[in-house]
Amino acid sequence: MRVLIVKMSSLGDVIHTLPAVTDAARAVPGIQFDWVVEEAFAEIPAWHPAVNRTLPIAFRRLRKRPLRNFTGPEWRNFRQQLRSRHYDLVIDAQGLLKSAFVSRLAQTPIAGFDKHSAREGLAATAYHHKYSVPVQMHAVERTRRLFASVLGYSIDSERGDYGVRANLARTREKRCRGLMFFHGTARAEKLWPVAHWAELLTLADAAGYPVWLPWGSEEEKVRAAQIVAAAGTGRVLPRLDLRGLASMLLEVDGAVAVDTGLGHLAAALDVPTVSLYGPTDTALIGAYGQHQVHIQSPVGPEDTDDPLAMMTAISATDVWSKLTAVLPQEKSA
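Structural notes, computed from the coordinates. Remember, predicted model here, so these are calculated numbers, not experimental data.

This paragraph deals with helix H7 (residues 139-151). Relative to the 18 Å expected for 13 residues at 1.5 Å per residue, H7 spans 18 Å between its end C-alpha atoms, a close match to the ideal helical length. The element H7 is largely enclosed, with a buried count of 10 among its 13 residues. The complete set of buried residues in H7 reads Ala139, Val140, Arg142, Thr143, Arg144, Leu146, Phe147, Ala148, Val150 and Leu151. Downstream of H7 by a residue or two, Gly152 has a phi angle that is positive, lying close to 80 degrees.

Written out as structure tokens, the structure is:
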């Protein structure tokens, strides 16, 4: 059976779909998946052994000039690739109008959330098979439930398995000890103050843990440099792609993250991680996996008019206490 998955973005959403692929591969012998994904995240699905082919799409970039780009050669080439194979089924795991639009291009039956379950209910009008999945459920479990309903199997109560760590770690050995701090995120109200990061870095350094700070934009590069300067220790990494970041994560003892897709990457690789949340509902999209700790701000939106106050209220000492509780007992040599 050959199935096309449409789950294009964001990074966290793409990662959240992996456990459903693992479930399906175990339940349906011989099933193969192709996956339509935004070009920036195209590495991720290819890490899963049940994914045969990834089809990168530049939807975010192309829609900036839709009249020109959706009639141009890049879009025509994407459609040709999509239609070059026969699929028994398309699963739109995103439930948005844009994902429904792309799903229709495959010209095969489409399965997805019903109008009450999809993030954009109108998307369900494009589907041939529609399934009700509770909205008040973690994103990983929602997708697992959708795949199980579509493909006709049951899922047990065990935590979902991303299915990628063994594949990535096959030829690697842990060579260093240390921590990664994922300090960047798209929304200002999800940022943790530089002073807090610097205090946490100082605590890590005093305990003998080197710390690495990655970045993905010039703004994040500046923030990383500010944290290192304020703490007087730590290292700003060169810019890395997702494979490079995954390789680093496979070598360190743990991580600390704000609400960012890279925190979900750490969870997918079973890296002990403390994730910090202000306005985010951790029950729905908190980092999912083993050795994952969520710290929800003690200040709620009803307590303050300052959007930054929620994250500021999380203390570095609390983060360090939670982190040391999940780190390996023996530091890596």
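An order of S3-S2-S1-S4-S5-S6 is seen for the 6 strands of this open sheet, with the pairing classed as parallel. With partners counted over all chains shown, the strands left at the sheet margins are strand S3 (51-57) and strand S6 (129-131), one partner each. When the angles between neighbouring strand axes are averaged without regard to direction, this sheet yields 20 degrees. Pairing geometry for strand S5 (residues 110-113) and S6, over 3 bridges, is parallel. In the sheet register, Gly112 faces S6, and the bridge partner there is Lys130. Lying over the sheet, helix H5 (residues 73-82) contacts strand S1 (2-6), strand S2 (32-38) and S3, oriented at roughly 160 degrees with respect to S3. Lying on the sheet, H7 is in contact with S1, S2, strand S4 (89-92), S5 and S6; it crosses S4 at an angle near 155 degrees.

Cut-offs applied
- Residues numbered from 1 in each chain as written.
- Predicted model: local features only at pLDDT ≥ 70, side-chain atom pairs only at ≥ 80, totals over all residues.
- Heavy atoms only, no water.
- Helix = DSSP H or I, 4+ residues; strand = E, 2+ residues; numbered from the N terminus.
- Expected span 1.5 Å × (residues − 1).
- Buried < 20%, exposed > 50% of the residue type's maximum accessible area, 1.4 Å probe, protein only.
- Pairing = 2+ DSSP bridges.
- Axes fitted to C-alpha atoms, helices over the stretch in contact; angles between N-to-C directions.
- Contact = heavy atoms within 4.5 Å.

From the geometry alone we can't say anything about function, so treat these as descriptive.
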